[in-house]
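Here is how the chains run, residue by residue.
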Amino acid sequence: MAQNGEPARDALVNRQLPEMQLSDGSSSSMTAPPPPAPPYLSGEGRAVYRFNVEGNAIITGGAGTLALEGARALLEHGLSGLALFDLNLQQAADPIAALRTDFPDAKIITKKVDVRDAESIGAAVNETAGQLGSVDILCCFAGVVGCTHALDMSVDEWKRTMDINSTGSFLCAQAVARQMVDQNSGGTIVFIASISGHRVNFPQPQAAYNVSKASLLHLKNCLAAEWSRYGIRVNSISPGYMDTILNEGAGLERARNVWANRNPMGRMGVPQELTGPLVLLCSAAGSYINAADIVVDGGAIVF
Ligand SMILES: NC(=O)c1ccc[n+]([C@@H]2O[C@H](COP(=O)([O-])OP(=O)(O)OC[C@H]3O[C@@H](n4cnc5c(N)ncnc54)[C@H](O)[C@@H]3O)[C@@H](O)[C@H]2O)c1
Ligand SMILES: OC[C@@H](O)C(O)[C@H](O)CO
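All of the points below concern the structure found in this document. (Residues numbered from 1 in each chain as written. Chains lettered and ligands numbered in written order. Predicted model: local features only at pLDDT ≥ 70, side-chain atom pairs only at ≥ 80, totals over all residues.)

**A word on the overall build of the protein chain**
Along the protein chain, the regular secondary structure elements total eight helices and nine strands. The C-alpha atoms of the protein chain give 20 Å as radius of gyration, which agrees with the globular expectation for 303 residues (19 Å, within 12%). Principal-axis analysis of the C-alpha atoms gives the protein chain an extent of 60 × 45 × 40 Å. Within the span of the protein chain, comprising 303 residues, buried residues form 37% of the whole. Taking contacts inside the protein chain between residues at least 6 apart in sequence as the whole, the part at least 24 apart equals 74%. (Helix = DSSP H or I, 4+ residues; strand = E, 2+ residues; numbered from the N terminus. Rg over C-alpha atoms; globule rule 2.2 N^0.38 Å. Buried ≥ 20, exposed ≤ 12 C-beta atoms within 10 Å, placed from the backbone. Contact = placed C-beta atoms within 7 Å.)

**Quick look at unusual backbone geometry**
Cis geometry is found at the peptide bond from Phe 202 to Pro 203, where omega equals 10 degrees. Take Pro 203: it is sitting in the loop between β7 (187-192) and α6 (207-227). The phi torsion at Asn 184 lies on the positive side, around 60 degrees, for a residue other than glycine. Along the chain, the position of Asn 184 falls in the loop between α5 (155-183) and β7. Located in the positive-phi region is Ala 291, a residue other than glycine, with phi close to 60 degrees. Here Ala 291 is to be found in the loop between α8 (275-282) and β9 (293-296).

**Comments concerning the site of ligand 1**
By nearness alone, 30 residues border ligand 1, and Gly 61, Gly 64, Leu 66, Gly 143 and Thr 244 come closest of all. A per-element tally of the shell around ligand 1 places helix α2 (residues 65-76) first, with three residues. In the shell around ligand 1, the residues fall into 17 nonpolar, ten polar and three charged. (Near = placed C-beta within 6 Å. Nonpolar A, V, L, I, M, F, W, Y, C, P; charged D, E, K, R; others polar.)

**Details of the pairing of strand β5 (residues 107-112)**
Two elements, strand β4 (residues 81-86) and β5, share six bridges in a ladder whose sense is parallel. Bridging across to β5, Leu 82 finds its partner in Ile 108. For the handedness criterion, the β-α-β arrangement of β4, helix α3 (residues 93-102) and β5 is classed as right-handed. (Pairing = 2+ DSSP bridges. Right-handed = clockwise from strand over helix to strand, strands pointing away.)

**Quick word on the sheet that holds strand β6 (residues 137-140)**
Taking strand neighbours across the sheet as the criterion, the seven strands line up as β5-β4-β3-β6-β7-β8-β9 in an open arrangement whose pairing is parallel. Sheet topology places β5 and β9 at the edges, where each strand pairs with a single neighbour. Across the sheet, the axes of successive neighbouring strands diverge by a mean angle of 15 degrees, strand direction being ignored. By the bridge criterion, four bridges tie strand β3 (residues 56-60) to β6 in an arrangement that is parallel. Within β6, the position partnered with Ala 57 by the bridge is Ile 137. Contacts between α6 and the sheet are confined to β7, β8 (232-239) and β9, with β8 contributing the most and set at about 165 degrees to the helix. Contacts between α8 and the sheet are confined to β6, β7, β8 and β9, with β7 contributing the most and set at about 150 degrees to the helix. (Axes fitted to C-alpha atoms, helices over the stretch in contact; angles between N-to-C directions.)

**Focus on the nonpolar core**
Counting residues in hydrophobic clusters, the biggest one holds 64 residues, and the most contacted among them are Ile 59, Leu 74, Val 176 and Leu 278. Here this core gets eight residues from one element, more than from any other, and that element is α5. Residues in contact with Leu 278, not counting those within four places in the same chain, are Gly 70, Ala 73, Leu 74, Cys 139, Val 190 and Ile 237. (Core = buried A, V, L, I, M, F, W, Y, C linked by C-beta atoms within 7 Å.)

**Focus: the site of ligand 2**
Looking at ligand 2, the residues that line it are Val 145, Ser 194, Ile 195, Ser 196, Asn 201, Gln 204, Gln 206, Gly 240, Tyr 241, Leu 246, Asn 247 and Leu 252. Among the residues forming the shell around ligand 2, the class breakdown is five nonpolar, seven polar and no charged.

**With respect to helix α4 (residues 118-132)**
For α4, built from 15 residues, the straight-helix expectation of 21 Å at 1.5 Å per residue is met to within 8% by its first-to-last C-alpha distance of 21 Å. Among all positions of α4, only Ile 121, Ala 124, Val 125, Thr 128, Ala 129 and Leu 132 are buried. The buried residues of α4 all sit within an arc of 135 degrees when viewed along its axis, so they share a single face. Residues of α4 that are exposed and angled more than 90 degrees away from the buried face: Glu 119 and Gly 130. Its buried side turned inward, α4 meets β3, β4, β5 and α5. After α4 finishes, the residue Gly 133 shows a positive phi value of roughly 105 degrees. (Expected span 1.5 Å × (residues − 1). Arc of directions from axis to C-beta.)

What follows is the structure, given as structure tokens:
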């Protein structure tokens, strides 16, 4: 029953969750993590304050264009510590240095990590927790794209795309969720999926990429269902065509015109346009957003 505009919080806490069967044959019985404390509508409970980003984040593909823009936004909203994981950190030496200059109070570290390598991910997550004190947020941006007709697709290209975009995101989420469960502090995980996971890209042939991104949309549902009991929210963002290096070369010049012409807004997106949803999902403003996908594509998906 609501009183003074606030939910009856007592009714929401100490709720027993349905038991879940574990892999060792036992079952877990847990109490639901509590909702945020009141006041909801006044003072620091106001929405504007709920967009503060607290704790420390790991961002994979952290040397990429969209990831660096996301990192900057999380730091602007209060992130204390940031670990950028990428295979090729050198490509982003300048923007990473700029983040360190612009956010002198934040601890910013980098780790060379291949998201296909479970062992090195585990070690890097442990080291990050040691260096920053905790891991509270994971954003999985690491990804690759290829434009090969399905008739010509090699097994190696198919596997590489799936290994990095799909399995790589799972391995990072698993390692970070293990850390979050040990911390007993909950957390939030965001996969960067794509509108390519919702529909088939046109005009470029991208079966492997499209399927890898579709897998993330359901993976976030599965992990949200399993990990909410530990206070871990799992969501995704599906960008449309954004103006980044990923969409340059490889014969994509003609495709760029097609994408803009088929978009109700008549243009591609710019990296900054992803940052609002990322901050929402990584802050208390998103505390009841779970297993959701936020499409950021100018309306391309319906056109
Ligand atoms: N740009 C777009 O239009 C668009 C649209 C939808 C989704 N996305 C997704 O957003 C993410 C970021 O895209 P971007 O445009 O910033 O591209 P980007 O190429 O700038 O960034 C991708 C990053 O992933 C890193 N990476 C690749 N393989 C890796 C591996 N095995 N281990 C660790 N890191 C690895 C790269 O080094 C690179 O820094 C990708 O997952 C992409 O699929 C992009
Ligand atoms: O659907 C948009 C993308 O995921 C991506 O930018 C594109 O398909 C890469 O060429």
